[in-house]
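Observations on chain architecture
Here are the chains, one letter per residue:
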Amino acid sequence: MTKLRQLATAVMLLAGSLAVLVAETGPRAF
Amino acid sequence: VTTHQPIRQAVRRRSIALAASVVLADQATKLAADLLSGGQRHGPLVPVRNPRFSLGLAATTRPLMVLAMAAGIALVAAHGVRATGRNAVPGWIPALVIGGSLSNLLDRLLLGAVRDFLAIGHLVINLADLAVLAGVAGCYLTRLARPPATTPIPGREVHQ
């Protein structure tokens, strides 16, 4: 259960970070 | 739980210090690129000011855009605190993402555009973009692309 929660938290962080990267950098780069 | 408290606090302090260092380093390199390049349009140093943002909303709704970005960063920070608290990811991952995005947000807030200077192919980016990219890549590589931790002990394999 702990492993699953850790994975879920990491996935949420990755999704948020990716969103920031796409919103912030994407339009300037392309 | 209480025995982990000092360790968590130390990780949090180090992460905040790293995020602050990313902001300082990014702002310093942007300033240096402005001063050193002499307005050149070729080579690895091409300082430009880029106001663009998602969905082309830059010109009309800048305050809204800054608010949206700040909300996004706050969300990543909240997830980052939770993820490092659960030992799901090392503290440097959210620190790089938050530091990089904060520095670019600072540009938008103070100058109305992000300062880019590093020409890579047809792209012109900055140190903050690289920090965010490194954080995203680090999150994927350290957590999601890692092989399963459970390996069978030699001689103890289960034969059926």
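These remarks concern the structure in this document. All figures in this text were calculated on a predicted structure; none of them were measured in a lab. Per chain, the residues get numbers from 1 upward, laid out in the order the sequence is written. Written order decides the labels, with chains lettered from A and ligands numbered from 1. Reporting in this predicted model follows two pLDDT cut-offs: at least 70 for local features of residues, and 80 or more for side-chain atom pairs to be given and counted; totals over whole chains, interfaces and linings ignore these cut-offs and use all residues. To get the side-chain values, all heavy atoms of the structure are used, and hydrogens and water are removed first.

**Quick word on the overall build of chain A**
Summing up its helical and strand segments, chain A has two helices and zero strands in all. Categorising residues by exposure relies on relative accessible area from a 1.4 Å probe, with only protein chains included: less than 20% of the type maximum marks a residue as buried, more than 50% marks it as exposed, and the intermediate range marks it as partly exposed. When the 30 residues of chain A are sorted by exposure, 50% land in the buried category. As displayed, chain A has an accessible area near 1600 Å², and 80% of this comes from carbon and sulfur atoms. For helices the rule is a DSSP run of H or I covering at least 4 residues; for strands it is a run of E covering at least 2, with both sets numbered from the N terminus onward. All accessible-area figures derive from a Shrake-Rupley calculation using a 1.4 Å probe, and residue coverage is judged against the displayed protein chains alone.

**Brief notes about the pattern of salt bridges**
Residue and element names in this part refer to chain B. We define a salt bridge as a contact between a side-chain nitrogen of Lys or Arg and a carboxyl oxygen of Asp or Glu at a distance within 4 Å. Tallied over the full model, the rule gives three salt bridges over all chains. The partner of Lys30 in a salt bridge is Asp26, with the nearest N and O atoms 2.6 Å apart. Taken together, the residues Lys30 and Asp26, both in helix H1 (residues 5-37) and four residues apart, mark about one turn of the helix. Taking relative accessible area as the criterion, Lys30 reaches 2% and is therefore assigned buried. Put simply, Lys30 and Asp107 hold a salt bridge, and the shortest N to O gap is 2.9 Å. Here Lys30, found in helix H1, pairs with Asp107, found in helix H3 (residues 92-111); they are 77 residues apart in sequence, far enough to count as distant. Across this residue pair, the class does not change: Lys30 and Asp107 are buried. Ionic contacts of the salt-bridge type, sharing partners, join the residues Asp26, Lys30, Asp107 and Arg115 into one network.

**Observations regarding the environment of A:Leu7**
Looking at the secondary structure, you find A:Leu7 in helix H1 (residues 2-24). Owing to a relative accessible area of 34%, A:Leu7 belongs among the partly exposed residues under this scheme. By definition, residues are in contact when any of their heavy atoms lie within 4.5 Å. Those residues in contact with A:Leu7 that lie beyond four places of it in its chain are B:Arg143 and B:Leu144.

**A look at the pairing of strand E2 (residues 114-120) of chain B**
All names here are of chain B. Here, a strand pair is defined by DSSP locating no fewer than two bridges between the strands. As paired elements, strand E1 (residues 45-50) and E2 share four bridges and run antiparallel to each other. Its bridge partner being in E2, Leu45 is matched across the sheet by Leu118. With three bridges joining them, E2 and strand E3 (residues 123-125) adopt antiparallel strand pairing. Bridge pairing links Ala119 to Val124 in E3. In this structure, the hairpin formed by E2 and E3 is closed by a connection of two residues, where Gly121 is found at a positive phi of approximately 65°.

**Brief notes about the layout of surface pockets**
All names here are of chain B. Of the two site types, the cavity is a set of points on a 1 Å grid over the protein atoms alone where a 1.4 Å probe fits but cannot get out, and the pocket is an open set with protein on both sides within 12 Å along at least five of seven lines, each lined by residues with an atom within 4 Å of a point. Grid points are joined across faces, edges and corners, and a volume is the space filled by probe spheres set on the points. Here the largest pocket defines a volume of roughly 460 Å³. What lines the largest pocket is a set of 20 residues, among which Val11, Arg12, Ser15, Val81 and Thr84 lie closest to the centre. Looking at the lining of the largest pocket, the elements with two or more residues in it are H1, helix H2 (62-85) and H3. If you tally residues by element for the lining of the largest pocket, the top one is H1, at seven residues.

**Here we look at the nonpolar core**
Note that soluble globular proteins tend to have their nonpolar side chains buried in a common cluster. Side-chain atoms within 4.5 Å are what join buried Ala, Val, Leu, Ile, Met, Phe, Trp, Tyr and Cys residues into a set we call a nonpolar core. A:Leu13, B:Val76, B:Ala83, B:Val89, B:Ile93, B:Leu105 and B:Cys139 are the most contacted members of the largest nonpolar core, which totals 19 residues. Secondary-structure elements contributing two or more residues to this core are H1 of chain A together with H2, H3 and helix H4 (127-144) of chain B.

**A short note on the sheet that holds E3(B)**
Residue and element names in this part refer to chain B. Judged by pairing direction, the sheet is antiparallel, and its three strands sit side by side in the order E1-E2-E3 without closing on themselves. Edge strands, defined here as strands with exactly one partner in the open sheet, are E1 and E3. Taking the axes of each pair of neighbouring strands and ignoring which way they run, one obtains an average angle of 45° across the sheet. To define axes, lines are fitted to C-alpha atoms, for helices over the stretch in contact only, and angles between the resulting N-to-C directions are given on a 0 to 180 degree scale.

**A short note on the side chain of B:Asn126**
Residue and element names in this part refer to chain B. Among the structural elements, Asn126 can be located in the loop between E3 and H4. Judged by its relative accessible area of 0%, Asn126 falls in the buried class. At 3.1 Å, the side chain of Asn126 forms a polar contact with the side chain of Asn104. Polar contact is the term for a pair of N or O atoms within 3.5 Å; when the atoms are in protein, one must be able to donate a hydrogen and the other to accept it, and sequence-neighboring residues count only if both atoms are side-chain atoms.

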